[in-house]
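Structure at a glance
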Amino acid sequence: MKNILQNAINFLLENANPSIKLRVKKEILGQISKEEEINLQSQITEEPIYKLIAGCQKENGWIGNGFHGPNRDAGPYENQEVGVKYLAEKAVGKENPVLKEAMNAFVTTELTDHCYRTKGKYFDEFRYAANGQNLIRCACIARAEYDDLIDIRPQIQLSLDSFQRVLEVDSILDIVRPRKGRPCKSNPSGITYVFNDYEKWPCRYHLDILAHTRLWKTTKNIKMLADSIAKMMKTDRPDLIGVGANSWVGYQLGTLGCFPSQGLSIKQTCLLPSPVSIEYRNRPERYNLEYIEWFARCGVIPYIPVLKEAVEEIANSIDVDGICKTPVLEDVLKGIGVYGGQQLETDWKTPTKRLCDITFRALLILYYYQK
């Protein structure tokens, strides 16, 4: 494994974007001078997307005209959530003025402010399972590593409790109620489910928070998280595979990537909010590197055989030149958005740049798995 990691490191340090080089040296190797870090960060701030994000920042620090993704007034990067996550992934540093002011906006802006795009409504993350604008806000804070400056401990505990709830009930059907809707081809009965108030169930944003924080990490908590994930990855009850639920706020409101009761998968055919696999245009299933990376960061992979097998396959796919050749779901990797996107290279005009993004994510998975 050591040689595999070193080959990947050598490939990236020779070919990759400044942000990848910075993260390899700082995050993986722990060997970078302050002068070199500043130099690489200055190169990052000259990139077009960084300038786009910086250019649309408001006086109060809010990025663009949106919150949870693009809309008619905000492009894919011109919103607070994606802007913050992009800056964090690019490793601009906690003292970067754009990121710092965006974090300040999270502190000073009320959750009922219209910039959250909820028409002034506050969707309480403790009342509505797998939902709420504050859950998104806290995931952004965690990704930016500002959880030591902005208190998100209640949401970290909520994330743990949401995974714990999976182990306390037989299935998601124990904590939801049916709603009669309009029948369609994919749902002839028209029956959908909504969570009961003040119930808990995990979603993409809970995992995001746990993957990018450390305070919660004890052997007991990691093992609980692994058991919860393993239970949701089962497929022995067809009636539960892919079954999730919405929130009821006087009407049905989609969740933030609610995990399925069964059928949670690290292989998918297309980009979805929830980690499930569905048939889509005859596409083959491919690894979703984002979720595998987050599982590695959480420390659960040693407890779950299917995840260990995936890591071994990824490791074995790295050739002597240090390039990861495992088939990956590029929908998840390319660009960046609210439900996927890990691209740090400025473009994929050359095959090498695409391989740099893939290999970097593979390297992170192997590094955090070993760690």
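In case you missed it, the structure is sitting above this.
What you see as residue numbers is a count from 1 along each chain, following the sequence as written. Confidence filtering applies because this is a predicted model: local features only for residues at pLDDT of at least 70, side-chain atom pairs given and counted only at 80 or more, and all residues used for totals across whole chains, interfaces and linings. The side-chain values count all of the structure's non-hydrogen atoms but skip hydrogen atoms and water molecules.

**Quick word on the packing of aromatic side chains**
Pairs were defined over the aromatic rings of Phe, Tyr and Trp, the Trp ring being its six-membered one, requiring ring centres within 6.5 Å. Orientation was assigned from the angle between planes: stacked under 30 degrees, edge-to-face over 60, tilted for the rest. Under the defined criterion, the tally for this structure stands at 13 aromatic pairs. Taking 4.9 Å as the distance between ring centres and 75° as the angle between the ring planes, the aromatic pair formed by Tyr367 and Tyr368 counts as edge-to-face. Burial classes: relative accessible area under 20% of the type maximum marks a residue as buried, over 50% as exposed, and values in between as partly exposed (1.4 Å probe, protein chains only). On the basis of relative accessible area, Tyr368 is assigned to the buried category, the value being 15%. One aromatic cluster in this structure is built from Phe163, Phe259, Tyr291, Trp294 and Phe295. For a Lys NZ or an Arg CZ to count as sitting over a ring, it must be within 6 Å of the ring centre and within 35 degrees of the ring normal. Residue placement shows Arg179 over the ring face of Trp248; its charged tip is 3.7 Å from the ring centre. Its guanidinium or amino end placed over the ring of Tyr287, Lys267 lies 4.8 Å from that ring's centre, counting from NZ or CZ.

**A few points about the nonpolar core**
To define a nonpolar core, start from buried Ala, Val, Leu, Ile, Met, Phe, Trp, Tyr and Cys residues and group those joined through side-chain atoms within 4.5 Å. Ranked by size, the top nonpolar core spans 116 residues in total, and within it Trp201, Phe295 and Val300 carry the most contacts. When residues in this core are grouped by element, the largest group, 11 residues, is from helix α14 (residues 351-370). Helix and strand assignments come from DSSP, with helices taken as H or I runs of at least 4 residues and strands as E runs of at least 2, each series counted from the N terminus.

**Examining the side chain of Glu293**
Positionally, Glu293 belongs in helix α11 (residues 289-298). Within polar-contact distance, the side chain of Glu293 engages the side chain of Arg361 at 3.1 Å. Throughout, a contact is declared for two residues whenever any of their heavy atoms are within 4.5 Å. Leave out the neighbours within four places in its chain, and Glu293 touches Gln342, Arg361, Leu364 and Ile365. Side-chain atoms alone can form a polar contact between residues adjacent in sequence; in general such a contact is a pair of N or O atoms within 3.5 Å, and within protein one must be able to donate a hydrogen while the other accepts it.

**Details of the state of the cysteines**
The disulfide criterion is simple: two cysteine sulfur atoms within 2.5 Å. Across all of its chains, the model carries 0 disulfides by this definition. For the unlinked cysteine Cys140, the closest cysteine sulfur is that of Cys138, found at 9.1 Å. Look at Cys140 and you get buried, because its relative accessible area is 0%. With no disulfide of its own, Cys298 has Cys203 as its nearest cysteine by sulfur position, at a separation of 13 Å.

**Quick notes on the pattern of salt bridges**
Whenever Lys or Arg places a side-chain nitrogen within 4 Å of a carboxyl oxygen from Asp or Glu, that contact is recorded as a salt bridge. Tallied over the full model, the rule gives 28 salt bridges. Where Lys325 meets Asp319, a salt bridge forms, and the shortest distance between an N and an O atom there is 3.2 Å. The exposure class assigned to Asp319 is partly exposed, which follows from its relative accessible area of 22%. Close ionic contact of Arg354 with Glu330 constitutes a salt bridge, the shortest N to O distance being 2.4 Å. Of this pair, Arg354 sits in helix α14 while Glu330 sits in helix α13 (residues 330-333), placing them 24 residues apart in sequence.

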